[in-house]
Amino acid sequence: MSQIKSLIRFSIRLFLFGLISGVIGVTLLWLFIVPSLPPVESLRDIELQVPLRVYSADDRLITEIGEQRRIPLSIDEIPVHFKQAFLAAEDDNFYNHPGFDWRGTLRGAIGYARYMGQRRVPGGSTITQQVARRFFLSTEFSLTRKIREIFLAMKIEREMSKDEILELYLNKEFLGHRAYGVGAAAQTYYGKSVDQLSIAEMAMIAGLPQRPSRVNPVTSPSAALERRAYVLRRMRDEGFITESEFLQASIEPDQARLHGAKSELDAPWIAEIARQQAVDRFGAKAAYTRGFHIVTTIDSRLQRAAAQAVIDGLDAYDKRHGWRGPEQTVDPALLESREPLLERLAGVATVGDLLPAIVLKSDEQAAQLLLADGRIAELTLDRIEWAREHIARDRRGPPPSSVAAVLSPGDQVRLRDDPEGWRLAQIPEAQAALVVNDAPVVFDDPSQERSWKPQNFSERFHGPTRLREGMIHSRNLISVRLVLALGLDTAIDYVTGFGFVRDDIPKGPSMALGSASITPLELASAYAVFANGGLAIEPHFLHAIIDGEGRELDLPERPFACADCAGRADRAGRAADTRPIPRDRADAGLPDASLTSADGDVDDAPAPRKLDLSNVSESRASGVDDDPSVDQAALHGPPEPLYARRVISPQTAWLIRSMMSDVITSGTGRRAQALNRGDLSGKTGTTNDQRDTWFSGFNHHLVTTVWVGMDSSQSLGDLEQGGRTALPIWVDYMQLALDGIEESRQPIPVGIVQAMIDPETGERVRPGTPAAIPEWFPAANLPPFKRGSDGEAAVGKDGDPYDVF
């Protein structure tokens, strides 16, 4: 009996000793470790690595750029079942423990002792501990790190609410395939937002934190389904879902596959420009991780119209030059099995709306083709009738007599789905961009390797020709003679005012014909000068930059065109435009640009306030400028806006518009009459050997330039020129872009007069003279009167009828 009492006393003493030792040990650990722990407050200010997102002006996502995919969400934005799925899988006692779970910790400690610290053991980490590890600690496998993790978790629990901790966890956790957080995982695996997920999909994602790279529904579907089943059972056992919900979710097929960011607008070029400007301003690391949203000036409706116009225009050009044959040929022996064919098609990129397909069989009347999604398309003879054999650039074979003459089994080709059904297509050979005295003479042009003989497109010479006629009919020699009359240096100085780079302009008479290497954007910017009444704007692509906190950042000051600001445009650059940037650029009065078009809106500028300055001296003497109680903005008034620079006079701009308007009504731009508008002006352009073709056109609201050519600088064909290749694209785009915009004919500026002239000589004649035609001139630069046979000017007894000017 005494031995039993002794054993009891020994046990009590041992227990007390262990308890006291434990308390002392924990206290010492607390004293040594806690002071070295990082401040929990920094968790509230943590910057999650959120990718750069680029949007159109009407809030359509163009692209997402960044190493980590992340869509930060508040705890209230995450569905209850989704939170419960993670709790069931990772920490069912989360809302009750102080940061660590003693059962799990004890289980982990026993396992650690069993393996003598030589291997990792499961269990023990609560969600709070995982947050502590993810944000502050490493993944080092050591007892010291584990102790620090427990203490830090307790500290986090004391200073943050449970919902704040769970929100951090659900946004930070790595869930495979570059997805960080549940928002990104929902998009990456299912292409959905979190509120669109089913219970089964939530359970699948909730099961990923343990081994996200190895066990996920894309990399290892079977193992991921087993993990999903475990999470669903735990959700049922915890009462988070009902038995019927459990059964339904358990049998639901998993549709996971990799999804990129769901782009709502295809505009890769503007996305790249936005990315470059973000990197230039913030640096690469910050640009890709701080969640910047860049709103571009692109209108998604117009961008889609531009893309479709380019596709249709290139398709029409391509059909005019014949069928170049299949892209590749598959061994006919492989056609019996669909799987390898589908696998092959899956690796072929879609180009625009041209889908890859493989011919399964063909005969005289029809062919059957397999598409990448498993659909079967049928082509009959009328859907391939354009496919005459391409022999040379300007030579085609006869129309096909049968489908089998064009398509053979195993041919890999392209199909296009138009309103009438599938039809045969091919990737266009040409490229395009939409933004967005006339007598023979030979010149020694130092910018050319040999003597250069300019000629008109028709290769005919027409003798003395009025400038308007020369522009209407694209008579090149008139432009050349005009440049030579001005002098090359003067002409180069003049055109650089339109935004062209001096070094890009040829130092010879060929500059008159657009031989400089310029981009469609540069040309559209130059044409905007005419649309803006002589004022130059610089196209810009960024409408706004929003940081990760939702704040709009400052953008460079932008001048804007103001036609009625009484000389202020001539003082361009003297003051900054501090007006907030409107989200609707139609109301902004600011110049915009894109890879499809360059706009130069003319708007009435707000006139600066007129201030009563009679008491300025008294105010300064009394220290008003330094008085914080005084509204300084009210005292000094708003700053004067930054006005666009004037390049040419309003009179010159109007005359050019007038001549270019005739290009459309009676010249090489006649196809534009299909728009049934009277406020359009424009100019076609075709370089030597038809290597490049252009059309630039505009009205008061919009400037658009179209280029069609070959990257290889090969000829487009003898019959191809700007009015045939570029102009139809321009018309298709402007049909939509100007829909709903009323015609706006520009008033004749002061200083422009109309006079009657002899169309043969250009000399002025009296009104009523037979065969005379009207022409517009600067009032100070009227042509001389036509002289009679006696050498005297035919003024008449009443004198010069234009003397009023």
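Reading guide: rules and limits
Residue numbers run consecutively from 1 along every chain, following the written order of its sequence. The model is predicted, so local features are restricted to residues of pLDDT at least 70 and side-chain atom pairs to those at 80 or more, both for listing and for counting; the totals for chains, interfaces and linings are taken over all residues. With hydrogens and water stripped out, all remaining heavy atoms of the structure feed into the side-chain values. Comment: elements are numbered from the N terminus, with helices defined as DSSP H or I runs of at least four residues and strands as E runs of at least two. Relative accessible area decides the class of each residue, using a 1.4 Å probe on protein chains only: under 20% of the type maximum gives buried, over 50% gives exposed, and in between gives partly exposed. Residue burial considers only the protein chains on display, and all accessible areas are found by Shrake-Rupley using a 1.4 Å probe. To get an axis, a line is fitted to the C-alpha atoms, and for a helix only the part in contact is used. The angle between two axes follows their N-to-C directions and goes from 0 to 180 degrees. Orientation is classified from the angle alone, with under 35 degrees giving roughly parallel, over 145 giving roughly antiparallel, 65 to 115 giving roughly perpendicular, and any other angle giving oblique. Two residues form a contact once any of their heavy atoms are found within 4.5 Å. Gly is placed with the polar residues, together with every amino acid not listed as nonpolar (Ala, Val, Leu, Ile, Met, Phe, Trp, Tyr, Cys and Pro) or charged (Asp, Glu, Lys and Arg). For every residue, the predictor reports its confidence as pLDDT, a number between 0 and 100. Being paired, for any two strands, means DSSP has found at least two bridges between them. Each salt bridge in this description consists of a side-chain nitrogen of Lys or Arg and a carboxyl oxygen of Asp or Glu lying within 4 Å of one another. The set of buried Ala, Val, Leu, Ile, Met, Phe, Trp, Tyr and Cys residues whose side-chain atoms join them within 4.5 Å is what this entry labels a nonpolar core. The way it works is a 1 Å grid over only the protein atoms, where trapped points that fit a 1.4 Å probe form a cavity and open points with protein on both sides within 12 Å along at least five of seven lines form a pocket, and then any residue with an atom within 4 Å of a point lines it. Grid points are joined across faces, edges and corners, and a volume is the space filled by probe spheres set on the points. Patch members must show over 30% relative accessible area and no salt bridge, and they are joined within 9 Å when carrying like charges or within 5 Å when they are nonpolar side chains of Val, Leu, Ile, Met, Phe, Trp or Tyr.

Topic: the overall build of the protein
On a plain count of helices and strands, the protein comes out with 22 helices and 22 strands. Taken across its 805 residues, the protein has 45% of its residues classed as buried. When the accessible area of the protein is evaluated, it comes to approximately 41,400 Å², of which 52% is carbon and sulfur surface.

Notes on the packing of helix 9 (residues 221–237) against helix 10 (residues 243–251)
Close contact between helix 9 and helix 10 brings their axes to 10 Å; oriented N to C, the two are set at 175 degrees. Between helix 9 and helix 10, the crossing angle belongs to the class labelled roughly antiparallel. Listed contacts from helix 10 to Arg-228, Leu-232, Arg-233 and Arg-236 of helix 9 are Glu-243, Phe-246, Ala-249 and Ser-250. Residue composition of the contact of helix 9 with helix 10, by class: 3 nonpolar, 1 polar and 4 charged.

Details of the confidence of the model for the protein
For the protein, per-residue confidence averages 80 on the pLDDT scale, and 76% of positions sit at 70 or higher. For the protein, the element scoring lowest by mean pLDDT is strand 16 (residues 598–599), at 34; helix 8 (residues 199–206) scores highest, at 96. Across residues 437–459 the pLDDT falls below 50, and counting only partners more than four positions away or on other chains, this stretch makes 66 contacts in the model. pLDDT under 50 marks residues 569–628. Its contacts with residues more than four places away, or in other chains, come to 157 contacts.

A short note on the sheet that holds strand 2 (residues 61–65)
Strand order in this open sheet of 4 strands is 2-1-3-14, and the pairing throughout is mixed. Here the strands that pair on one side only, and so sit at the sheet edges, are strand 2 and strand 14 (542–546). Sheet twist, expressed as the average angle between the axes of neighbouring strands with direction ignored, equals 15 degrees. Both strand 1 (residues 52–55) and strand 2 contribute to a ladder of 4 bridges, which runs antiparallel. Its bridge partner being in strand 2, Tyr-55 is matched across the sheet by Leu-61.

Comments concerning unusual backbone geometry
Look at His-177: it is not a glycine, yet its phi comes out positive at around 50 degrees. Considering the arrangement of structural elements, one finds His-177 in the loop between helix 6 (162–172) and helix 7 (182–190). With a phi angle near 70 degrees, Ala-771 is a residue other than glycine that sits in the positive phi range. Locating Ala-771 in the fold gives a position in the loop between strand 21 (752–757) and strand 22 (773–778).

What about the pattern of salt bridges?
Taken as a whole and judged by the stated rule, the model has 33 salt bridges. For Arg-236, the salt bridge identified is with Asp-237, shortest N-O distance 3.4 Å. Residue Arg-236 is classed as partly exposed on the basis of its relative accessible area of 27%. Judged by its relative accessible area of 53%, Asp-237 falls in the exposed class.

Considering the nonpolar core
Residues Leu-434, Phe-498, Phe-530, Val-708, Trp-730 and Tyr-733 are the most contacted members of the largest nonpolar core, which totals 62 residues. Elements that contribute at least two residues to this core include exactly helix 13 (300–320), helix 17 (488–496), helix 18 (520–531), strand 13 (535–536), helix 21 (650–666), strand 19 (692–698), strand 20 (703–709) and helix 22 (722–737). With sequence-adjacent residues up to four places away left out, Phe-530 is seen in contact with Phe-498, Ile-648, Ala-653, Ile-656, Arg-657, Met-660 and Phe-698. Grouped together as the second largest cluster of nonpolar side chains are 54 residues, Val-131, Ala-132, Ala-184 and Val-194 included.

What about the pairing of strand 5 (residues 354–362)?
As defined by bridge partners, strand 5 adjoins strand 10 (residues 411–418) across 5 bridges and the pair is classed as antiparallel. Bridge assignment links Leu-354 to a residue of strand 10, and that residue is Arg-416. Where strand 5 meets strand 6 (residues 366–371), 5 bridges bridge the pair, whose relative direction is antiparallel. Opposite Ile-358, over in strand 6, you have Leu-370 as the bridge partner.

Considerations on empty space enclosed by the protein
Its boundaries defined by the atoms lining it, the second largest cavity holds a volume of some 40 Å³. Contributing to the lining of the second largest cavity are Tyr-317, Asp-318, His-321, Gly-322, Arg-324, His-390, Arg-393 and Glu-429. In the lining of the second largest cavity, the residues fall into 1 nonpolar, 3 polar and 4 charged.

A look at the environment of Ala-531
On the secondary structure map, Ala-531 appears in helix 18. Between the alpha carbons of Ala-531 and Phe-698 there is a distance of 6.6 Å; along the sequence they are 167 residues apart.

Description of a nonpolar patch on the surface
A surface patch of nonpolar side chains, amounting to about 280 Å² of accessible area, comprises Ile-4, Ile-8 and Ile-12. In this structure Ile-8 comes out as partly exposed when scored by relative accessible area, which is 48%.

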